[in-house]
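A structural walkthrough
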Amino acid sequence: MAVTAAVPLLGLLAHLTPAQADTPRQPAAAEPTGSRTVDIQLTGLTPEAPEAGDTVTVTGTLTNRSKQTITEAHVALRVGQLLGSRSAIDIADKRSGYTPGLDGNEIADKYDHKVDKLKPKEKESFSLSVPVKDLQLGADGVYQIGVSFDGRTSSVPWQEQVLGIERTYLPWQPEPTARQSRTTVLWPLISTAHIGARTVGGGDDDQNNVFENDDLAKEILPGGRLDRMVSLGKSLDVTWVIDPDLVNTVSDMANGYRLAAKDGKTVAGPKKNQDAATNWLNALGKALKGQSVVALPYGDPDLASIAHNGAKIPTTLARLKTATDIGRSTTLSIPDADLDLKVSTDYAWPVDGAIDRSIVDVATSAGATKVISRSDSLSEPDSLLYTPSAARPIGGGVTAIVTDTRLSTAFEGSMDSPQSATLAVQRFLAQSLALTRQDEQKQRTVVVAPQRMPTTAQAEAMATAVRALQGGRWSLSQELDDAAKTKADPQANTRVPARSAYPKSLRKQELPTAAFTSLHTTQKGLDSFQEILQSPERVITPFGLAMDRAVATSWRGRAGQAATYRTDVRSYLDSLVRQVRLIPKTDAKLSGHSATIPVTVQNNLLQDAGHLKVRLTSTKPTRLKIGEGPWEERAIKIGAGHSQTVKFDTTINANGPVQVQAQLVTDDNRPYGQPVEFSVDATEVTSTVMLIIAGGVLLLVLAGLRMYTQRKRRAREDGTGGGDTAPGPQGPGNGGPAPADEDTPRDPATDAPRPPAENPAENPPKGSSAGHDTGSENIERSGTGERVDR
């Protein structure tokens, strides 16, 4: 193993002039002096890992930060000392300012970039091109190189000073090492959640998810983040790590998608975005041909949050297992991908590779047999002087794939400036070469797992580094599956940290227990709702996937947005449940011994609803009985967009108000929706009252008949109807007048003539037969409905 050369800094620094020594704690308000006078930005270094015969070109910019004009200046390349270990690179990263001896001497003047004058705040570009043979590189390994700016200022015109310096690394390995490292680079295709549970469309073929925003289009349009990830990845030897939700969401967009509008309605997504989605899927399918793919559980769930806060909540682990099962089938449906696409679903990837025993347990419960960890979580003992291979057993048949922390975090932070990208690429390559040279006789596997959602600039820098690494001089590409099968180093750490060792910074970003409790409540509501549907899969699928997205790793650091997403999913489910409901009823009055109560059920869904019963319950069955008891149920099925009324027979046993409750219930007698309550004012009519009413009606009928009979009799007596013989001179019996003494009515008590009555009916005219019991018999048939006295 190479060792970094030591330099007696204390004695050297004692002889430095003030202009040469850099003062690291100079007050911010003071004018930049020394090697901070001019800001140097490196915009490029090619080739990143030169070979013999190459020419190294370094480009950049100069900016005079001082208030003095700089004259007689030049930019030069300096080659520092060989860095013999990974820790030496770490130390060199912390250096600032110019240090003679450590920063080396300038390369020959002929390669300098001359600057006659640089005024305050003035900016100038430069380019240095130096053949490798003139860099005077020695042994193979990693060199720190610097670009310095030397010149004179008006305050010290008599002396040339180093007024600015910027450093980077140059990996020098012109010939292959004895044993190259086997390097696996993960290439993640992951995004945030863009759709919830809401869908539009009536039939199975036109049911489309509603996009909550159009942010995904920005990522897949030409030049977007995901567009560049696919374009860059197709030329790299990498292992693709894909969230199936991303593939599904882009497929929805390609099929013609709808966007949520502010008024609760939806609008069609732009056609150009739809076309971009189609093109992206096709490009992805072509890029994956012959490649290895790891399909994450659907939605990329946050395993640490589940382990620490959700594992004890019912349905959480069941949903995780379902998300894992969905992952493979979704990934295999990518257009243009090989039919024999190698898709692995037995990997778990916790956030930042941080693991503890509870995280591993949750991952394996969902079907994972390999957990992607990181070396700062599963750290090595101090006695181990090299980086061991990535794969190692951690018990229970589970393999930890320990990724290298330095390489995996090399491209975090902003890569927007050319300098940040250039420095990151060179640092990555330097660490990779230093890792291999730790012990060239041990061939080791190295796994690089970058951030889940790299920006476009980060992806560009990553691709540049991976391309340089694929030169094969110290590293050979390897698929993740092959890395997992590598024999473990017996000296490597296999002890999984305790739960208390989980980083506090990551724990603060976890989803809380309340999030999983909320999702459990939503799941219970979904279970109840789907039982009444004719096509339950039209609801189960979108809501299930939405709940998977609700625990995504991408919610870290976005607690408020995560809570809003969960609330929206639940609110939409509640709105669908309310589409099948009882129509409210007003208070009613019932009279009589029995009556009918109608109850109406409305279905505003786009599919039929069934497996429901309407239950009507009387709170006072002794007063109002429903059916044969206090309550009765009727099965019901309601067509999409229709209503149906169910009638219940009731029996009234006593008078008074009764509260009645109507409730929808499922086949297993679970209440569905809200009950409808109303009051019934029951009035019973007893048998005694009925007899009295019947008697009164009979008396009225008899009185009417008597009056009718009397009128008929009077009519016959006065010759106006009924008789068949006209009055004449004959005596009694043949139409003649009656004897004189028979014309006057007599008092029954005295047999004396009775005085005329005031009532004409009691004093009929002469010749009338009204007072007779019998009279001339009418032989004609009586009229219909007439009563005939004989």
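Residues numbered from 1 in each chain as written. Predicted model: local features only at pLDDT ≥ 70, side-chain atom pairs only at ≥ 80, totals over all residues. Heavy atoms only, no water.

1. Considering the overall build of the protein chain
Rules: Starting at the N terminus, helices and strands are each numbered in turn, a helix being any DSSP run of H or I of at least four residues and a strand any DSSP run of E of at least two. Each residue's exposure class comes from its accessible area (1.4 Å probe, protein chains only) as a fraction of the maximum for that residue type: buried when under 20%, exposed when over 50%, partly exposed otherwise. Throughout, a contact is declared for two residues whenever any of their heavy atoms are within 4.5 Å. Each accessible area is a Shrake-Rupley estimate made with a 1.4 Å probe; only the visible protein chains count as cover when residues are assessed.
Along its length, the protein chain carries 18 helices and 30 strands. Residue burial in the protein chain is summarised as follows: out of 790 residues, 47% are buried. Looking at the protein chain alone, contacts between residues at least 24 apart form 76% of all its contacts between residues at least 6 apart. Accessible surface, the protein chain as shown: approximately 38100 Å² in total, 51% of it carbon and sulfur.

2. Structural notes on the nonpolar core
In a soluble, globular protein the nonpolar side chains are often hidden away together inside. Counted only if it meets this: Nonpolar core, defined: a set of buried Ala, Val, Leu, Ile, Met, Phe, Trp, Tyr and Cys residues in which side-chain atoms within 4.5 Å join the residues together.
Among the nonpolar cores identified, the biggest contains 78 residues, and Phe529, Phe543, Val614 and Leu616 are the most heavily contacted of them. Leaving out residues up to four positions away in the same chain, Val614 has contacts with Leu582, Val599, Val601, Glu632, Glu633, Arg634, Ile636, Val646, Phe648, Gln663 and Leu664. Grouped together as the second largest cluster of nonpolar side chains are 66 residues, Leu236, Leu288, Leu407 and Leu433 included.

3. Some details on the sheet that holds strand E28 (residues 643-652)
Test applied: Pairing between strands requires that DSSP locate at least two bridges from one strand to the other. Axis lines are fitted to C-alpha atoms, over the contacting stretch for helices. Their N-to-C directions set the angle, which ranges from 0 to 180 degrees.
With antiparallel pairing, the four strands of this open sheet are ordered in space as E22-E24-E28-E26. With one partner strand each, in any of the chains shown, strand E22 (580-582) and strand E26 (624-626) form the two edges of the open sheet. Strand after strand, the sheet turns through a mean of 30 degrees between neighbouring axes, direction not considered. Pairing of E26 with E28, which is carried by three bridges, proceeds in the antiparallel orientation. Among the inter-strand pairings, Ile626 is bridged to a residue of E28, identified as Thr650.

4. A look at the pattern of salt bridges
Working definition: two side chains of opposite charge can pair if their charged atoms are close together. To keep it simple, the criterion reads: When a carboxyl oxygen of Asp or Glu is within 4 Å of a side-chain nitrogen of Lys or Arg, the pair counts as a salt bridge.
Tallying each qualifying case throughout the model produces 31 salt bridges. When the shortest N-O distance is used, the salt bridge between Glu460 and Arg228 registers 2.8 Å. Of this pair, Glu460 sits in helix H12 (residues 456-469) while Arg228 sits in helix H4 (residues 225-233), and the two are 232 residues apart along the sequence. We classify Glu460 as partly exposed; its relative accessible area is 28%. Between Glu510 and Arg556 there is a salt bridge whose closest N-O contact spans 3.9 Å. Here the residue Glu510 occupies a position in the loop between helix H14 (504-507) and helix H15 (513-530), and Arg556 occupies one in the loop between helix H16 (537-549) and helix H17 (559-577), the gap between them amounting to 46 residues. Put simply, Arg78, Glu106 and Asp150 are held in one network by salt bridges that share partners.

5. A word on the side chain of Ser358
The topology assignment puts Ser358 in helix H9 (residues 357-365). Every residue in contact with Ser358, bar those within four places of it in the chain, is listed here: Ala307, His308 and Arg499.

6. A word on helix H7 (residues 303-310)
Where we set the bar: Any pair of N or O atoms that falls within 3.5 Å is considered a polar contact. Within protein, one atom must be able to donate a hydrogen and the other to accept it, and sequence-neighbouring residues count only if both atoms are side-chain atoms.
Summarising burial for H7: seven of the eight residues are buried, a large majority. Regarding H7, the residues found buried are Leu303, Ala304, Ser305, Ile306, Ala307, His308 and Gly310. On its buried face, H7 sits against helix H8 (316-332), strand E16 (347-348), H9, H14 and H15. Capping of H7 at its N-terminal end is provided by Asp302; its side-chain oxygen lies 3.3 Å from the backbone amide nitrogen of Ala304.

7. Digging into a nonpolar patch on the surface
For clarity, the threshold we go by: Patch definition: residues with relative accessible area over 30% and no salt bridge; like charges joined within 9 Å; nonpolar side chains (Val, Leu, Ile, Met, Phe, Trp, Tyr) joined within 5 Å.
Taken together, the side chains of Leu698, Leu699, Val701, Leu702 and Leu705 present a nonpolar region at the surface, about 450 Å² in accessible area. Its place among the elements puts Val701 in helix H18 (residues 687-717). Note on Val701: relative accessible area 44%, which makes it partly exposed.

8. Overview of the pairing of strand E14 (residues 292-295)
Along E14, one buried face is formed by Ser292 and Val294 and the opposite face, lined by Val293 and Ala295, is buried too. Across four bridges, the pairing between strand E11 (residues 239-242) and E14 is parallel. Of the residues in E14, the one forming a bridge with Thr239 is Ser292. Of the pairings in the sheet, the one linking E14 to strand E15 (residues 342-344) comprises three bridges and is parallel in character. Looking at the pairing, Val294 lines up with Ser344 of E15.

9. Thoughts on the side chain of Arg549
For Arg549, the location among the structural elements is in helix H16. Here the side chain of Arg549 touches Ile195 through a polar contact of 3.5 Å, landing on its backbone oxygen. When neighbours within four sequence positions are excluded, Arg549 is seen to be in contact with Ala193, Ile195, Gly196, Asp245, Tyr298, Trp555 and Tyr565.

10. Some remarks on the environment of Ala434
In this structure, Ala434 sits in helix H11 (residues 418-437). Measuring from C-alpha to C-alpha, the distance between Ala434 and Ile89 comes to 8.7 Å, with 345 residues separating the pair along the chain. Apart from residues lying up to four places away in sequence, Ala434 is in contact with Ser85, Arg86, Ile89 and Val142.

11. Topic: the sheet that holds strand E3 (residues 70-83)
Overall, antiparallel pairing links the four strands, which are arranged E4-E3-E6-E7 in an open sheet. Two strands in the sheet have a free side with no partner beyond their single neighbour: strand E4 (113-118) and strand E7 (161-172). Taking each pair of neighbouring strands and ignoring which way they run, the sheet shows an average axis angle of 25 degrees. In this sheet, E4 lies alongside E3 in antiparallel orientation, the contact comprising five bridges. Residue pairing across strands places Ala73 opposite Val115, the latter belonging to E4. Set on the sheet, H11 makes contact with strand E6 (141-153) and E7; between it and E7 the angle comes to about 45 degrees.

12. Remarks on unusual backbone geometry
Each neighbour pair has its own omega, and for Thr46 with Pro47 the value is -15 degrees, a cis peptide bond. Tracing the backbone through its elements, the reader meets Pro47 in the loop between strand E1 (38-46) and strand E2 (55-64). Within the chain, Gln136 stands out as a residue other than glycine whose phi angle is a positive 60 degrees. Residue Gln136 is classed as exposed on the basis of its relative accessible area, which comes to 70%.

13. Description of the confidence of the model for the protein chain
Applied cut-off: pLDDT: the predictor's confidence for each residue, scored from 0 to 100.
Averaged over every residue, the pLDDT of the protein chain is 85; the share at 70 or more is 84%. Of all secondary-structure elements in the protein chain, the lowest mean pLDDT belongs to helix H1 (residues 9-14), at 34, while helix H10 (residues 405-408) reaches the highest, 98. pLDDT under 50 marks residues 1-29. Its contacts with residues more than four places away, or in other chains, come to 31 contacts.

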